[in-house]
Amino acid sequence: MATQIGFFDTIQMENLYTPSKNHSQHQQPGSTSKVRVIIRVRPFLPHEISSKNSNPISCISLLNSESVPSGDEVTVHLKDPETSRNECYKLDAFFGQEDKNVSEIFQREVSPLIPGIFEGYNATVFAYGATGSGKTYTMQGSDELPGLMSLSMSNILSTCERTGSTVSISYYEVYLDRCYDLLELKEQEFLVWEDKDGHVHLKGLAQVEVNSMSSFHEIFSCALQRRKVARTGLNDVSSRSHGVLVITISTPSRDSVGKMITGKLNLIDLAGNEDNRRTCNDGIRLQESAKINLSLFALSNVIYALNNGMSRIPYRESKLTRILQDSLGGTNRALMVACLNPGEYQESVHTVSLAARSRHISNSVSSAQKNTTPMVKVDMEAKLRAWLESKGKTKSAKIKSAQRIVGLRSPFNGRTPSSVNSTMKLSANLDAKLVSSQSISNCKQRIPCVEGGNLFNNGGYVDPSMQVSTDFQTNVHITILDP
Ligand SMILES: Nc1ncnc2c1ncn2[C@@H]1O[C@H](COP(=O)(O)OP(=O)(O)OP(=O)(O)O)[C@@H](O)[C@H]1O
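Residues numbered from 1 in each chain as written. Predicted model: local features only at pLDDT ≥ 70, side-chain atom pairs only at ≥ 80, totals over all residues. Heavy atoms only, no water.

**Observations regarding the overall build of the chain**
The condition that has to hold: Numbering of helices and strands runs from the N terminus, with a helix taken as a DSSP run of H or I at least four residues long and a strand as a DSSP run of E at least two residues long. Each residue gets one of three labels from its accessible area relative to the maximum for its type: buried under 20%, exposed over 50%, partly exposed in between, using a 1.4 Å probe on protein chains only. We call two residues in contact whenever any of their non-hydrogen atoms come within 4.5 Å of each other. All accessible-area figures derive from a Shrake-Rupley calculation using a 1.4 Å probe, and residue coverage is judged against the displayed protein chains alone.
Along its length, the chain carries 16 helices and 23 strands. In the chain, which comprises 483 residues, the share counted as buried stands at 54%. Pairs at least 24 residues apart make up 73% of the contacts formed inside the chain by residues separated by at least 6 positions. Surface exposure of the chain reaches about 21,600 Å², of which carbon and sulfur atoms provide 50%.

**Quick look at unusual backbone geometry**
Of note in this structure, leucine 176 is not a glycine but carries a positive phi near 50 degrees. Inspection of the secondary structure puts leucine 176 in the loop between strand E9 (166-175) and strand E10 (178-181). One non-glycine residue, aspartate 177, lies in positive phi territory at about 65 degrees. If you trace the backbone, aspartate 177 turns up in the loop between E9 and E10.

**Remarks on the site of the ligand**
To be explicit about the condition: A cutoff of 4 Å decides nearness: a residue is near a molecule or strand if any of its heavy atoms lies inside that distance of it. Pairs of N or O atoms are called polar contacts if they sit within 3.5 Å, as long as, within protein, a hydrogen donor faces a hydrogen acceptor (for residues adjacent in sequence, only side-chain-to-side-chain pairs). Three residue categories are used. Nonpolar comprises Ala, Val, Leu, Ile, Met, Phe, Trp, Tyr, Cys and Pro, charged comprises Asp, Glu, Lys and Arg, and polar comprises the others, including Gly.
Thr131, Lys135, Thr136, Ser238 and Ser239 are the nearest of the 17 residues found near the ligand. In this structure, threonine 131 approaches the ligand through a side-chain N or O atom, which is 2.5 Å from an oxygen atom. In the model, an oxygen atom of the ligand is placed 3.0 Å from a nitrogen or oxygen of the glycine 134 main chain. For the ligand, whose accessible area on its own is 630 Å², the fraction buried by protein is 82%. At 3 residues, the largest contribution of residues to the shell around the ligand is made by helix H6 (residues 135-139). Within the shell around the ligand, the residues separate by chemical class into 5 nonpolar, 9 polar and 3 charged.

**With respect to the environment of tyrosine 121**
Of note, tyrosine 121 is situated in the loop between helix H5 (114-118) and strand E8 (123-129). Exposure remark for tyrosine 121: the relative accessible area of 22% places this residue in the partly exposed category. Through-space distance from the C-alpha of tyrosine 121 to that of threonine 331 is 8.5 Å; in sequence the pair is 210 residues apart.

**Here we look at the sheet that holds strand E5 (residues 74-79)**
What counts is decided by this rule: In this description, strands pair whenever DSSP reports at least two bridges between them. For every element, the axis is a line fit to its C-alpha atoms; helices are fit only across the contacting stretch, and the angle between N-to-C directions ranges from 0 to 180 degrees.
With antiparallel pairing, 3 strands are arranged side by side in an open sheet as E4-E5-E6. Two strands bound the open sheet, and with one partner strand each, they are strand E4 (60-63) and strand E6 (86-91). The sheet shows a mean angle of 30 degrees between the axes of neighbouring strands, taken without regard to direction. Looking at chain direction, E5 and E6 are connected through 6 bridges and run antiparallel. Pairing of valine 76 across the sheet is with tyrosine 89, part of E6.

**Focus on helix H7 (residues 148-163)**
This is how the line gets drawn: By this rule the span expected of a helix is its residue count minus one, scaled by 1.5 Å.
Between its terminal C-alpha atoms H7 stretches 22 Å, which fits the 22 Å expected from 16 residues at 1.5 Å a residue. Within the sequence span of H7, burial applies to Leu148, Met149, Ser150, Leu151, Ser152, Met153, Ile156, Leu157, Thr159 and Cys160.

**Regarding the environment of alanine 334**
Along the chain, the position of alanine 334 falls in strand E18 (residues 333-340). Judged by relative accessible area, which is 6%, alanine 334 ranks as buried.

**Observations concerning the side chain of histidine 242**
Mapped onto the elements of the fold, histidine 242 is located in strand E16 (residues 242-252). A polar contact of 2.9 Å, which involves the side chain of histidine 242, links it to the backbone nitrogen of alanine 271. Not counting residues within four places of it along the chain, the set of residues in contact with histidine 242 comprises Tyr172, Glu173, Val174, Arg227, Asp269, Leu270, Ala271, Ser295, Leu296 and Leu320.

**Regarding the UniProt feature "binding site: ATP" (unreviewed entry) in the chain**
Let me state the cut-off plainly: UniProt positions are given in the numbering used here, feature names are shortened, and annotations may be inferred rather than shown by experiment.
Mapped onto the present numbering, the UniProt feature "binding site: ATP" (unreviewed entry) falls on Gly129, Ala130, Thr131, Gly132, Ser133, Gly134, Lys135 and Thr136. As for its placement among the helices and strands, threonine 131 is situated in the loop between E8 and H6. A relative accessible area of 6% places threonine 131 in the buried class. If near-sequence neighbours (up to four positions away) are discounted, threonine 131 is found in contact with Leu234, Asn235, Ser238, Gly272, Asn273, Glu274 and Glu347. Looking at where glycine 134 falls in the secondary structure, it is placed in the loop between E8 and H6.

**A look at the pattern of salt bridges**
So the rule is basically this: Definition used for salt bridges: Asp or Glu carboxyl oxygen within 4 Å of a side-chain nitrogen of Lys or Arg.
Counted under the stated rule, the structure contains 17 salt bridges. Glutamate 194 is the partner of arginine 322 in a salt bridge, and the nearest nitrogen-oxygen pair spans 2.6 Å. Taken together, the residues arginine 322 in helix H11 (residues 319-323) and glutamate 194 in strand E11 (residues 189-194) connect sequence positions 128 residues apart. The buried category is assigned to arginine 322, whose relative accessible area is 15%. Its salt-bridge partner being arginine 240, residue glutamate 288 comes within 2.6 Å of it at the nearest N-O pair. Of the two residues, glutamate 288 is situated in helix H10 (residues 283-307) and arginine 240 in the loop between strand E15 (238-239) and E16; the sequence distance between them amounts to 48 residues. Bridged by salt links that share partners, the residues Glu73, Asp92 and Arg359 form one connected network.

This is the structure:
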């Protein structure tokens, strides 16, 4: 039986797990950055207004709002209108119900993170809160009101025009504590692993180059359809998974000709805490809910451990804490958007108390300055030739296939010499055989497809180095025969 590995996948894997040695070699002296925590309160929804006789009372308000100089911390007051219990918490910023769209949150909170990504810093923005509190609305948004994901992408693309950077995206979900690539047409799980320096890598996650907002929307809206959502007792369209959009930017280094600096922005729409007495979940919905709650419990344990200076931080308790490892107590800048439903006192206390504890977490931010050398065409050809010769074969057909791969302008970024090496090693170790994907029946599964188009189409641009311009469609694969 043959196992198939797409050429793009092998390249991609290496790109995402940057060798730790390189990372530390290029690391700049770090500076400390606290996790920034902001509150967003959504408005009452029509059915909530009618159930309260058109007079719902918000349990959330801002104390001394007039006297708060912008940039300073704010005090959020939570009061239960029924029992008059109340609590106060200090946080970094507050966006109330009257803030109808997220563009102000973007301008004030997210856009300041973006220049750093172009300098090789990583950042994470994640929405946290109970089910139905507005996380997806804030992160994903809609066609009419774009969320932080689209606004970030648009800002990044316009900056790229000035800096000559390239942008690519990955999009995945953590469902039932397993990670699935949402750019893949068919459900495909990938692995999360940690290197010896504690950096987390996502093995085999697809990455697609994006050069315009229209291509972003095309790719993203198609991937969104694969994300698991379902109706529950508390939300008609409830996320059943944590969704993560990774925007990777590669910028030519100003200091070193031919080198690239890579930075990443992670935008995370977490699934919400669920009280199953109120959601009335059963069957698979209940299983999903149990996993969501467990992963968020693991997140609170990590935050507790970091706040209390514990020597062991339980990142390994769940996939969610694994992928947030670099953002909580790691090397990323981090922004938490704590989302609240103004009619739910108890769940708001739960969210805000965790949010308030999170803002004491310090990250040692450093620019990874991953100076990746652009692909060297001749290297790969030479290596393949050497390998074939070492096997006593110089089949010209194989060389030609390899040339086609080398000439291919991959939609995935960052083909470094090491990734090339790795691909070749993989091929050599497993006695790889190069074939055209036309002979592979399920090759299309490997291409993140959009209706009526190929995601890898880069707007008609043809790299002069391409040997065969139709290689986007040809999509050469490596087939590895099981021993
Ligand atoms: N700022 C807002 N203005 C108007 N409507 C909002 C706002 N935020 C959220 N909503 C509405 O509230 C409902 C719940 O929002 P959303 O689905 O974003 O919640 P969620 O926190 O992502 O929930 P879950 O965790 O279940 O996925 C949706 O109908 C959404 O349209």
